[in-house]
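For reference, the chains in residue letters:
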Amino acid sequence: MNNLRIVLLLAFFIYTQAANTVSSISPTYLEGSTITLTCSFTKVLPSATYTITWSKNSDAFTDAMKKSVIDDVSNSRSTFSMARAMAGDAGTYGCSVVEVSGSTTNNILITAKTIYVRGIKSSSANADDSHSTATLSCAFAGDQISSITWVSPDGATITSGQNSFTVEATTYSNSVSTSVLKVGTLDKASKYGTYKCTASWTSNSMTLTQMPHLYQKESTTSFMRVQHLIIALLVIALVVVLAILGFVLYKAYKK
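Residues numbered from 1 in each chain as written. Predicted model: local features only at pLDDT ≥ 70, side-chain atom pairs only at ≥ 80, totals over all residues. Heavy atoms only, no water.

Chemist: Give me the packing of aromatic side chains: which residues, what numbers.
Modeler: Summed over all chains, the structure comprises seven aromatic pairs. Ring centres of phenylalanine 165 and tyrosine 195 lie 6.4 Å apart, and the angle between their planes is 80°; this geometry places the pair in the edge-to-face category. Within this pair, whereas phenylalanine 165 is found in strand β13 (residues 165-167), its partner tyrosine 195 is found in the loop between β16 (193-194) and β17 (196-201), the two being separated by 30 residues in sequence. Residues phenylalanine 165 and tyrosine 195 agree in their burial class; the two are buried. Over the aromatic face of phenylalanine 165 sits the side chain of lysine 191, whose NZ or CZ is 5.3 Å from the ring centroid. (Phe/Tyr/Trp six-rings, centres within 6.5 Å; stacked < 30°, edge-to-face > 60°. Helix = DSSP H or I, 4+ residues; strand = E, 2+ residues; numbered from the N terminus. Buried < 20%, exposed > 50% of the residue type's maximum accessible area, 1.4 Å probe, protein only. Lys NZ or Arg CZ within 6 Å of the ring centre and 35° of its normal.)

Chemist: I'd like to hear about a nonpolar patch on the surface, residue by residue, with values.
Modeler: Together, Leu229, Leu233, Ile236, Val240, Ile244, Phe247 and Val248 make up a nonpolar patch on the protein surface, roughly 690 Å² of accessible area in all. With respect to the helices and strands, the residue valine 248 is situated in helix α3 (residues 220-254). Residue classification places valine 248 among the partly exposed positions, given a relative accessible area of 47%. (Patch = residues over 30% accessible without salt bridge, like charges linked within 9 Å, V, L, I, M, F, W, Y side chains within 5 Å. Areas by Shrake-Rupley, 256 points an atom, 1.4 Å probe, with all protein chains shown as cover. Salt bridge = Lys/Arg side-chain N within 4 Å of Asp/Glu carboxyl O.)

By themselves, these observations are geometric and do not establish any function.
Shown next, in the form of structure tokens:
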């Protein structure tokens, strides 16, 4: 009998620990997503009243956040929803439940949930005025990135210090990670085109890719050829006009 009681108590403990959690569909979301967190709990005291309190990173919810909380005590849960989530919404969300029945108070221990919000911020590719060097950059939102890799237009993974490529160290500030790629010389057509910049996170494995495009400037020789062609056409047009004018004057003089 004692062994059976121990088994039943252990089973109840495991059940309540599994039920008393904050959960979400996924631990990782893209910026702009709608995130719904559910605080589930197991009632212990009969005919009790319940006080449910949410927190983020151990700080109580603001009044604005409380407006997005829906308590459903009859079904032993409370939900919190965020529409159009941003990187700053990432964090550890907790929920505390206090049940009171008469003079008895019970604090239900709830396991918190950490969520991550990540996204693409911006990218750029610009050559200098002489079009001899270029700077490319890409930025991602979210918790600190594990690594950012670059791939050249010909599909080769870029190694800093080789083939006139230099990858500067990734900087992380205000939930934004930025990587800069320097192209030392634009002496080959293969240096132009679409680059790939991929961010990787080891926590809750995820990758995001941006594709900045470096456009090739029209060569000076080609530009000069166009200029010469335009000048030649203008000269021809001028000669034709003068010829017509001369012919008209000649006819007038004959009369």
